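# Structure assessment
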Amino acid sequence: MGRRILIVGGVAGGASVAARARRLDESAEIIMFEKGPHVSFSNCCLPNHLSGVIENSENLVLMNPTQFKKQYNIEARVNSEVIKIDREEKTIEVKDLKTGEEYKETYDILVLSPGASPIVPPIEGVDLPHVFTIRNVVDIDRLNRYIQSGKVKDIAVIGGGFIGVEVAENLKLSDAGFNVTLVEALDQIMAPFDYDMAQILHKEMMDHGVDLILGDGVAKVKEDHIELASGKKVPAQAVVMAIGVRPEITLAKESGLAIGETGGILVDHNYQTSDRNIYAVGDAIEVYHKLTHSKTRLALAGPAQRQARAAADHMYRIPHRNTGVIGSSCVKIFDINAASTGFNEKTAKKAGIQYDFVYIIPGDKVGLMPGNSPLHLKLLFEVPTGKIIGAQAIGKGDAVKRIDVIATMIMMDGTLEDLKELELCYAPAFSTAKDPVNHAALVALNILNGVYKQVPVSKVRELVEKNAFIVDVRERAEYEVGHLRNAVNIPLSELRERVDEIPKDIPVYLHCRSSQRSYNALMALQHMGFENVYNISGSYLGICCYEYFNDQVTGREKIVTEYNFN
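Residues numbered from 1 in each chain as written. Predicted model: local features only at pLDDT ≥ 70, side-chain atom pairs only at ≥ 80, totals over all residues. Heavy atoms only, no water.

## Re unusual backbone geometry
So the rule is basically this: A run of H or I in DSSP counts as a helix once it spans at least four residues, and a run of E counts as a strand once it spans at least two, with each numbered from the N terminus. Under the scheme applied here, a residue whose accessible area is under 20% of the maximum for its type counts as buried, over 50% as exposed, and between as partly exposed, the area being computed with a 1.4 Å probe on protein chains only.
Following V383, the chain continues to P384 via a peptide bond in cis, the omega torsion being 10°. Of note, the phi angle at N73 is positive, near 55°, even though the residue is not glycine. Following the sequence through the fold, N73 ends up in the loop between α3 (65–72) and β5 (75–77). N73 gets classed as partly exposed once you look at its relative accessible area, which sits at 35%. Phi at S539 is positive, roughly 50°, even though this residue is not glycine.

## Remarks on the packing of aromatic side chains
In plain terms, the rule: Here a pair means two rings of Phe, Tyr or Trp (six-membered ring of Trp) with centres within 6.5 Å. Their orientation is stacked below 30 degrees between planes, edge-to-face above 60, and tilted elsewhere.
Tallying each qualifying case throughout the model produces eight aromatic pairs. Each ring, one from F68 and one from Y72, has its centre 6.2 Å from the other, and the planes form 45°; the classification is tilted. In this pair, F68 and Y72 both sit in helix α3, four residues apart, roughly one turn of the helix. In this structure Y72 comes out as partly exposed when scored by relative accessible area, which is 28%. A centroid spacing of 5.4 Å and a plane angle of 90° characterise the contact between Y548 and F565, whose relative ring orientation is edge-to-face.

## Observations regarding the environment of N535
To keep things clear, this is the line we draw: In what follows, a contact means two residues having at least one pair of non-hydrogen atoms within 4.5 Å. Whenever two N or O atoms come within 3.5 Å, that pair is a polar contact, provided that in protein one can donate a hydrogen and the other can accept it, and provided that, for residues adjacent in sequence, both atoms are side-chain atoms.
Examined against the element boundaries, N535 turns out to sit in strand β32 (residues 533–536). For N535, a relative accessible area of 3% corresponds to the buried category. When the C-alpha positions of N535 and L510 are compared, they lie 5.0 Å apart, and in sequence the two are 25 residues distant. Ignoring anything within four residues of it in the chain, the contact list for N535 reads Y452, K453, Q454, V455, L510, S515, S518, Y519 and L522. Within the structure, N535 has its side chain in polar contact with the backbone oxygen of S515 (distance 3.2 Å).

## With respect to helix α4 (residues 137–147)
Residues lying three or four places apart along an α-helix face the same way, a consequence of the helix completing one turn every 3.6 residues. Inspection of α4 places V137, D139, I140, D141, L143, N144 and I147 among the buried residues, and these make up the whole buried set. Where α4 begins, the capping side chain belongs to N136, and its oxygen is found 3.2 Å from the backbone nitrogen of V138.

## Focus: the pairing of strand β1 (residues 4–8)
We apply this condition: The pairing criterion for strands is at least two bridges between them, as found by DSSP. Here, the term right-handed applies to a crossover whose path from the first strand over the helix to the second runs clockwise when the strands point away from the viewer.
The element β1 is largely enclosed, with a buried count of five among its five residues. Judged by which residues are buried, β1 turns out to be covered on both faces: R4, L6 and V8 on one side and I5 and I7 on the other are all buried. Bridge analysis of β1 against strand β2 (residues 29–33) gives five bridges, and the strand direction is parallel. The residue bridging I5 from the neighbouring strand is I30, located in β2. Running through helix α1 (residues 11–24), the crossover from β1 to the neighbouring parallel element β2 is right-handed.

## Overview of the pattern of salt bridges
This is how it is decided: A pairing counts as a salt bridge when a side-chain nitrogen of Lys or Arg comes within 4 Å of a carboxyl oxygen of Asp or Glu.
Counted according to the given criterion, the structure contains 33 salt bridges. The residue E417 makes a salt bridge to K420 at a minimum N-O spacing of 3.2 Å. On the criterion of helical spacing, the pair formed by E417 and K420 is a turn pair, its members being three residues apart in helix α11 (residues 416–420). Overall, E417 belongs to the partly exposed group, its relative accessible area being 40%. Residue class for K420 comes out partly exposed when judged on its relative accessible area of 27%. Notably, a salt bridge pairs R461 with E547, separated by 2.8 Å at the nearest N-O pair. Highlighted residues: R461 in helix α13 (residues 460–465) and E547 in helix α16 (residues 539–554), separated in sequence by 86 residues. When sorted by exposure, R461 lands in the same class as E547, which is buried. In the salt-bridge network here, residues are joined through shared partners; they are R4, E29, E75, R77 and E105.

## Comments concerning the nonpolar core
Condition: Nonpolar cores are built from buried Ala, Val, Leu, Ile, Met, Phe, Trp, Tyr and Cys residues. Side-chain atoms within 4.5 Å join them into one set.
Counting residues in hydrophobic clusters, the biggest one holds 117 residues, and the most contacted among them are I147, L171, L201, L379, I406, L419 and L484. Among the elements that make up this core, the one with the highest residue count is α16 (eight residues). When sequence neighbours within four positions are dropped, the list of residues in contact with L171 reads L50, I147, I155, V157, F178 and V180. Grouped together as the second largest cluster of nonpolar side chains are 50 residues, A15, A18, A21 and I85 included.

Next up, the structure:
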């Protein structure tokens with residue numbers, strides 16, 4: 001008889017450990033214990049059940065205990081909660097949640113993959129029957145049955161992270177015609193994105209009918225509404241708490257295993273805990289961040305599966321190189337795709353990194369091709385090394401592919417020069433000959449090397465209100481459709497004939513639609529002796545995307561005559 005491997009928890013972490021261990025050892029006895037009724041399900045697809053994209057909640061279940069036994073000879077015990085670990089005796093105590101029976105099992109190796117649980121704030125009304133959290137198939141099925149009962153018209157989603165945003169989106173996509181409000185205490189949704197990029201996401205949610213309330217937290221839950229910290233009341237016959245998750249560490253803590261500085265289970269580079277006979281993987285552990293060189297927590301399925309394989313390999317003396325995490329993630333919000341990797345500005349500042357960034361809006365494919373659309377791409381790099389440290393991309397096209405490329409560069413310690421020279425696939429239906437990531441590297445090298453100066457879209461309102469000298473180099477017809485209130489229109493095609501209209505004794509700020517023509521204008525002006533000239537990063541398209549949401553919710557005066565998002 002081979003070794004006995006017991007695994008607490010299934011899904012991405014536990015089930016992957018079990019499957020890998022079986023491939024490495026046919027003689028091992030492998031038993032998984034899952035507190036819920038499903039040991040393997042697609043937790044990332046849970047919100048899609050609310051829209052009907054996944055009609056039957058049972059389709060979210062990937063494998064059942066019978067399939068595990070027949071296909072892998074792995075025993076999966078559902079409705080079975082591990083309530084105690086005796087490390088000296090190398091036993092666990094298990095409670096059958098259906099019968100109430102408690103029993104012990106011995107192990108040679110124990111793996112903890114308990115995951116993370118939803119955070120529920122200690123406020124009035126959170127225990128009411130119309131308040132829900134989402135962690136598993138049972139949760140999403142219960143929520144869906146409740147809101148489809150005919151008694152619900154208004155739904156409040158609390159929290160603007162991945163789960164909250166995807167739940168709000170899918171509720172709005174439902175045929176039931178729900179009024180959906182998303183409440184986020186911070187000033188933006190989707191923390192992996194910087195504030196400037198998040199404005200594009202805010203606009204997308206607003207455009208699709210989600211009532212987005214930012215900078216205001218939930219204070220009370222009532223029978224038919226919620227009350228916010230500001231005192232505002234929001235109608236809600238159903239409330240979904242999606243504030244975030246915390247690692248499930250109770251079992252590990254009670255058994256005396258070391259807990260890390262971030263509150264996750266402490267593991268080494270092989271995912272062994274402070275007890276060499278116990279491993280831990282997934283959302284419950286803390287991991288090493290490649291860029292910050294410190295510990296962090298990362299609740300993502302991809303890293304959990306890699307951790308699971310590494311842990312199983314180590315059990316059988318197969319070496320593993322732990323490269324750390326960088327936090328690559330993506331999300332679909334209605335008609336746009338958004339992805340990020342590595343540092344954003346907030347995290348780079350927190351880590352004390354000297355950095356700069358570029359924001360470009362190239363086409364995601366050749367402009368003549370059907371379905372081409374702008375791709376908003378922000379690239380962060382270290383100064384003065386030019387090392388790539390982060391990126392964010394948003395658009396209707398393939399934003400994820402671009403971030404995957406940059407994530408690969410970050411994992412390989414790539415620089416702007418490396419990204420500039422990267423050879424990528426091209427055909428008009430898929431990209432442009434100079435892919436957006438190559439384009440971003442070229443622009444970033446110009447900034448790093450001091451070829452020209454730029455200002456971000458976040459500073460444009462201030463420039464307009466101070467009546468700075470702004471030159472719009474788009475053609476006259478474009479300018480007439482919509483422009484900055486105080487911008488002077490000197491098209492690139494007329495620049496050389498009208499250069500005398502541009503002052504040399506004050507700063508001059510240039511923009512076009514997406515900063516490419518204004519870059520050409522700026523370079524021409526510099527060659528003509530102009531020194532105090534700046535390109536507005538993102539230009540008119542970026543300005544409109546940045547300003548729109550706050551203009552709508554605050555009613556402030558616009559700095560543009562008309563928005564243009566094309």
